[in-house]
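# Residue-level structure breakdown
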Amino acid sequence: QVQLVQSGGGLVQAGGSLTLACAASGRAFRSDTMAWFRQPPGEEREFVAAISRTAGNTYYRASVKGRFTISRDNSGNSVYLLMKGLKPEDTAKYYCTARLGDVEDRPEHYDYWGWGSQVTVSS
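Let me begin by describing the structure that accompanies this report. (Residues numbered from 1 in each chain as written. Predicted model: local features only at pLDDT ≥ 70, side-chain atom pairs only at ≥ 80, totals over all residues. Heavy atoms only, no water.)

### What about the overall build of the protein chain?
- Of the regular secondary structure elements, the protein chain holds 0 helices and 11 strands.
- For the protein chain, the sequential pattern of α-helices and β-strands runs β-β-β-β-β-β-β-β-β-β-β.
- Taken over C-alpha atoms, the radius of gyration comes to 13 Å for the protein chain, in line with the 14 Å a tight globule of 123 residues would show.
- Each of the three principal axes of the protein chain carries a C-alpha extent, and together these read 40 × 25 × 25 Å.
- Within the protein chain, the fraction of its 123 residues that count as buried is 44%.
- Considering only residue pairs separated by 6 or more positions, the protein chain has 58% of its internal contacts joining residues 24 or more positions apart.
- A total accessible area of about 6000 Å² is found for the protein chain, and carbon and sulfur atoms account for 47% of it. (Helix = DSSP H or I, 4+ residues; strand = E, 2+ residues; numbered from the N terminus. Rg over C-alpha atoms; globule rule 2.2 N^0.38 Å. Buried < 20%, exposed > 50% of the residue type's maximum accessible area, 1.4 Å probe, protein only. Contact = heavy atoms within 4.5 Å. Areas by Shrake-Rupley, 256 points an atom, 1.4 Å probe, with all protein chains shown as cover.)

### Brief notes about the pairing of strand β5 (residues 46-51)
- In terms of burial, β5 is a largely internal element, 6 of the 6 residues being buried.
- Both strand β4 (residues 32-39) and β5 contribute to a ladder of 5 bridges, which runs antiparallel. Counted as the bridge partner of Phe 37 is Phe 47 from β5.
- Counting the residues between successive antiparallel strands, the hairpin from β4 to β5 contains 6 residues, one of them, Gly 42, with a positive phi of roughly 75 degrees.
- Here β5 pairs with strand β6 (residues 58-60) via 3 bridges, running antiparallel. Counterpart to Ala 50 in the pairing with β6 is Tyr 59. (Pairing = 2+ DSSP bridges.)

### Remarks on the state of the cysteines
- This structure, assessed with the given rule, holds 1 disulfide.
- Residue pairing for Cys 22: its cysteine sulfur links by disulfide to Cys 96, the two sulfurs lying 2.1 Å apart. Looking along the S-S bond of the Cys 22-Cys 96 disulfide, the torsion reads about -75 degrees, which is the left-handed sense. Placement of Cys 22 in strand β3 (residues 18-25) and of Cys 96 in strand β9 (residues 92-100) is noted, with a sequence separation of 74 residues between them. We note that Cys 22, like Cys 96, is buried. (Disulfide = S-S within 2.5 Å.)

Next comes the structure, spelled out in structure tokens:
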């Protein structure tokens, strides 16, 4: 089992920055692909960013590329999402997730989920 404990999030004005953190425990953290998804109000959960096991490869949805950065600290069993230049359309509940295997961009391929962090961007 893997437990994912999230922190961060909140309310920010457009153009501002936030960092989300996710602490993993319960299994060899290095064996997991880690990712962030988000779920805007009334919409389905969507892929935001992912990072491969060795942290050598990162992936982003097009609308956040260049503004968001995913990183991981294997020694601290944590993954982060630095969000800059936030826009009102980034408003959503953000979820940390993990899976064994390669990076995937659909939520049904992920096994473990954090409880979510609300990010609200005001215009």
